[in-house]
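Reading the structure
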Amino acid sequence: MKCSELIEILQQHSGEAYACSWDNVGLLVGSGKKEVKKVYIALDASDEAVEEAIAAGADLLLTHHPLIFQGIKRVTDDDAAGRRIMAMIRADLSYYAMHTNFDVMGMAQLAASKIRLCDAVPLEATVMENGVSQGIGRVGSLEADMTLGECCELVKSAFARSQVQVFGSLSKKVRRAAICPGAGKSNVGDALAAGADVYITGDIDHHTGIDAVAAGMAVIDAGHYGLEHIFIAYMAQYLRENAPQLEIVEQKRAEPFQFV
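Residues numbered from 1 in each chain as written. Predicted model: local features only at pLDDT ≥ 70, side-chain atom pairs only at ≥ 80, totals over all residues. Heavy atoms only, no water.

**A closer look at the side chain of Lys38**
Cut-off, in case you're wondering: Put simply, DSSP marks the helices as runs of H or I at least four residues long and the strands as runs of E at least two long, and each gets a number from the N terminus on. Polar contact is defined as a pair of N or O atoms within 3.5 Å, subject to the rule that within protein one atom must be able to donate a hydrogen and the other to accept it, and that residues adjacent in sequence are counted only when both atoms are side-chain atoms. By definition, residues are in contact when any of their heavy atoms lie within 4.5 Å.
As for its placement among the helices and strands, Lys38 is situated in strand β2 (residues 38-42). A polar contact of 2.6 Å, which involves the side chain of Lys38, links it to the backbone oxygen of Ala56. Setting aside chain neighbours within four positions, we find Lys38 in contact with Ala56, Gly57, Ala58, Asp59, Leu60, Glu247 and Val249.

**Quick notes on the sheet that holds strand β1 (residues 26-29)**
What counts is decided by this rule: A pair of strands counts as paired when DSSP detects no fewer than two bridges linking them. Note on method: axes are straight lines fitted to C-alpha atoms, helices fitted across the in-contact stretch only, with angles between N-to-C directions ranging 0 to 180 degrees.
Spatially, five strands are ordered β1-β4-β3-β2-β11 in an open sheet, and the strand pairing comes out mixed. Pairing within the sheet leaves two strands with one partner each, and these edge strands are β1 and β11 (247-250). For this sheet, the mean inter-axis angle between neighbouring strands, taken without regard to orientation, is 25°. Contacts from helix α2 (residues 47-55) reach β2 and β3 (60-63), with the element oriented near 160° to β2.

**Observations regarding α2**
A turn of α-helix holds 3.6 residues, and therefore any two residues three or four places apart point the same way. Put simply, the rule reads: Between buried and exposed lies partly exposed: a residue is buried under 20% and exposed over 50% of the maximum accessible area for its type, with that area taken using a 1.4 Å probe on protein chains only. Working note: the arc is built from the helix axis to C-beta atom directions.
Among all positions in α2, only Ala49, Val50 and Ala53 are buried. Along the long axis of α2, the arc covered by the buried residues comes to 95°, so they all point the same way. Facing away from the buried side of α2, by more than 90 degrees, are the exposed residues Glu51 and Ala55. Close packing links the buried residues of α2 with β2, β3 and α3 (80-90).

**Section: the packing of α2 against α3**
Relative placement of two packed helices is described by the angle separating their axes and the distance separating the axes. Going by this rule: Oblique is the label for every angle not falling under 35 degrees (roughly parallel), over 145 degrees (roughly antiparallel), or within 65 to 115 degrees (roughly perpendicular). Basically, the charged four are Asp, Glu, Lys and Arg, the nonpolar ten are Ala, Val, Leu, Ile, Met, Phe, Trp, Tyr, Cys and Pro, and anything else, Gly included, counts as polar.
It is at 10 Å that the axes of α2 and α3 come closest, and there the two elements cross at 10°. With respect to each other, α2 and α3 are oriented roughly parallel. On the side of α2, the interface is formed by Asp47, Val50 and Ile54, while α3 contributes Arg84, Ala87 and Met88. Of the residues contributing to the contact of α2 with α3, the split by class is four nonpolar, no polar and two charged.

**Considerations on the packing of aromatic side chains**
Definition in use: Only the six-membered ring of Trp is used, alongside the rings of Phe and Tyr, when aromatic pairs are assigned; centres must lie within 6.5 Å, and planes under 30 degrees apart are stacked while those over 60 apart are edge-to-face, with the rest tilted.
Enumeration according to the criterion identifies three aromatic pairs in this entry. Ring geometry for Phe102 versus Phe231: centroids 5.0 Å apart, planes at 85°, classification edge-to-face. Note that Phe102 is positioned in helix α4 (residues 100-114) and Phe231 in helix α9 (residues 230-242), a separation of 129 residues in sequence. Residues Phe102 and Phe231 agree in their burial class; the two are buried. One aromatic cluster is present, formed by Phe102, Phe231 and Tyr234 through successive ring pairs.

**Here we look at the pairing of strand β5 (residues 118-129)**
In this sheet, strand β6 (residues 132-147) lies alongside β5 in antiparallel orientation, the contact comprising eight bridges. Across the sheet, Glu124 pairs through a bridge with Ile136, a residue of β6. With antiparallel pairing between neighbouring strands as the criterion, β5 and β6 make up a hairpin whose turn holds two residues, including Asn130 at a positive phi of roughly 55°.

**Here's the deal with the side chain of Glu228**
Relative to the assigned elements, Glu228 resides in helix α8 (residues 224-228). Within the local environment of Glu228, its side chain forms a polar contact with the side chain of His64, the two groups lying 3.3 Å apart. Polar contacts involving the side chain of Glu228 include one to the side chain of His65, which spans 2.8 Å. In contact with Glu228, not counting residues within four places along its chain, are Leu43, His64, His65, Asp103, Met107, Pro181 and Gly182.

**Focus on the sheet that holds strand β7 (residues 165-167)**
Note on sheets: strands pair through backbone hydrogen bonds, and any given pair is parallel or antiparallel. Pairing is mixed in the open sheet, where six strands are placed in the order β5-β6-β8-β9-β10-β7. Two strands bound the open sheet, and with one partner strand each, they are β5 and β7. The mean angle between the axes of side-by-side strands here comes to 20°, regardless of whether they run parallel or antiparallel. This element, α4, spans β5, β6 and β8 (173-183) of the sheet and lies at about 5° to β6.

That is the geometry; function is a separate question.
The structure is reproduced here in structure tokens:
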């Protein structure tokens, strides 16, 4: 199919109009006229993802995080973004990113379902569609009362994590939970305002964590990649169902850092 036809299918799931104003989503490299037979899906357009997509013979690289966030004045091999863009162009590899539009129309509910969050509503409403609020993150109730320690085990199991970082007493009872995959520091206030006992997210710094606990809310930091890697398998399944003529390749799970 044409790249433009594939984009229409992606738009049906998470239209670019749902993206935040500061974001940069959509077709970032390549032509909508290109014929696409194989798609490589990754979370980031890292050196490894670009190299693996090219080696796999992919026609399009699909990621969650966009490689290009702000304006670029030059494309050279002097920086990482330039090298990757040049590699894509040389290999005739098109590149499409669906970031905050997917956060709003996919990631939030997907993450909430992973921890079986009940009566979930957007943590930060960003748009109203047919009388229903959509937005970043979700807040609702866990299936049962549990300790913070038990909630940590739930998160680890749901997102295939070997460990999480926790702010708060492991014996604290929690029931109302907020979840925001990715970097959730900016939504701590929303979680507090929503009365969450525990906030599950990533990229929480020292002071934000201890201040949240002081305000009465525990925090489970399961990592930016740790929560958002679910994008890869989800979008692979979506494309297999909605564009069965395409060959889909998923990047193998690989944390961007390791503990030593």
